[in-house]
Amino acid sequence: QVQLVESGGGFVQAGGSLRLSCVVSRSISSIAVMGWYRQAAGNQREFVAGLTSGGSTGYADSVKGRFTISSDSAKNTLFLQMNNLKSEDTAVYYCNGKGLFPSRYDSWGQGTQVTVSS
C-alpha cells in the first residue's frame, strides 16, 4: 500500500493557474503508475493525467496543452500544473498510485478541491 496526501487546491478565476502536489509515502519511482483524477459534483470520477515509472505521460483530451504532470523523486512528490483553468475544471482532484509490489495496490488520496470561477 501507499499513502497519498494532496494539497494545492483552491479558488481561482478562469484563465488562472494552480499547482497541485501529492506527497507519497514511499519512493515514487517504485510505483508503476501515478495519476490525477477528478470528480465534479454529480459526475463520476474521471482520469486527468498519468505518469508511469518509465516516464511516459498521458492526458485526458480536455486538459491536453493546459495541464502538465510531473514528479520530484527526491521529495517523493507528484505534481499537476494546471494553466488556463476553465470553469469546467472545477472538481475535487485526487492523486492515485497503482502497482504490483510487494502486493497489488490501487491507492487514493483524500482529494483537494479546485474551484474555477468564470
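Everything below is about the structure printed above this text.
Residues numbered from 1 in each chain as written. Predicted model: local features only at pLDDT ≥ 70, side-chain atom pairs only at ≥ 80, totals over all residues. Heavy atoms only, no water.

Caption draft 1: Inspection of the state of the cysteines at higher detail. Applying the stated rule across the entire model yields one disulfide. Across the disulfide, Cys22 is cross-linked to Cys95 (sulfur-sulfur distance 2.1 Å). The sign of the -80 degrees torsion about the S-S bond sets the Cys22-Cys95 disulfide as left-handed. Of this pair, Cys22 sits in strand 3 (residues 18-24) while Cys95 is found in strand 9 (residues 91-99), placing the two residues 73 residues apart along the sequence. Here Cys95 falls in the buried class, since its relative accessible area comes to 0%. (Disulfide = S-S within 2.5 Å. Helix = DSSP H or I, 4+ residues; strand = E, 2+ residues; numbered from the N terminus. Buried < 20%, exposed > 50% of the residue type's maximum accessible area, 1.4 Å probe, protein only.)

Caption draft 2: Looking closely at the nonpolar core. By size, the foremost hydrophobic cluster in this structure holds 28 residues, and its most contacted members are Trp36, Leu78, Leu80, Met82 and Tyr93. Contributing elements (two or more residues each) for this core: strand 3, strand 4 (33-39), strand 5 (46-52), strand 7 (67-72), strand 8 (77-82), strand 9 and strand 11 (112-117). Among the elements that make up this core, the one with the highest residue count is strand 3 (four residues). (Core = buried A, V, L, I, M, F, W, Y, C linked by side-chain atoms within 4.5 Å.)

Caption draft 3: Looking closely at the pairing of strand 5. Where strand 4 lies against strand 5, six bridges are found, and the strand directions are antiparallel. Note that in strand 5 the partner of Trp36 across the bridge is Ala49. Count of turn residues in the strand 4/strand 5 antiparallel hairpin: six residues, of which Gly42 carries a positive phi of about 80 degrees. Counting the residues in the hairpin turn of strand 5 and strand 6 (residues 57-59) gives four residues, including Gly55, whose phi is positive at 100 degrees. (Pairing = 2+ DSSP bridges.)

Caption draft 4: Expanded view of the environment of Gln13. As for its position among the elements, Gln13 is in strand 2 (residues 10-13). Judged by relative accessible area, which is 59%, Gln13 ranks as exposed. Leave out the neighbours within four places in its chain, and Gln13 touches Val116 and Ser117. (Contact = heavy atoms within 4.5 Å.)

Caption draft 5: Geometry of the sheet that holds strand 3. Strand order in the open sheet formed by four strands is 1-3-8-7, and the pairing between neighbours is antiparallel. Unpaired on one side and paired on the other, strand 1 (4-7) and strand 7 mark the two borders of the sheet. Mean inter-strand twist for the sheet, computed between neighbouring axes without regard to direction, equals 20 degrees. Here four bridges tie strand 1 to strand 3, and the two strands are oriented antiparallel to one another. Bridged to Val5 within strand 3 is Val23. (Axes fitted to C-alpha atoms, helices over the stretch in contact; angles between N-to-C directions.)

Caption draft 6: Region of interest: the packing of aromatic side chains. In total, this model carries three aromatic pairs according to the counting rule given. With a centroid separation of 5.6 Å and an interplanar angle of 75 degrees, the aromatic rings of Tyr37 and Phe47 are classed as edge-to-face. Of this pair, Tyr37 sits in strand 4 while Phe47 sits in strand 5, and the two are 10 residues apart along the sequence. Taking the relative accessible area as the measure of exposure, Tyr37 reaches 18% and is therefore buried. Where Tyr94 meets Trp108, the ring centres are 6.5 Å apart and the plane angle is 85 degrees; that geometry is what we call edge-to-face. One end of the pair, Tyr94, is in strand 9; the other, Trp108, is in strand 10 (residues 105-108), and 14 residues separate them in sequence. One aromatic cluster is present, formed by Tyr37, Phe47, Tyr94 and Trp108 through successive ring pairs. The residue whose ring lies beneath Arg45 is Tyr94, and the NZ or CZ to ring-centre distance is 3.7 Å. In this structure, Arg45 packs its charged tip against the face of Trp108, placed 4.5 Å from the ring centre. (Phe/Tyr/Trp six-rings, centres within 6.5 Å; stacked < 30°, edge-to-face > 60°. Lys NZ or Arg CZ within 6 Å of the ring centre and 35° of its normal.)

The quantities given are spatial measurements derived from coordinates; they are silent on function.
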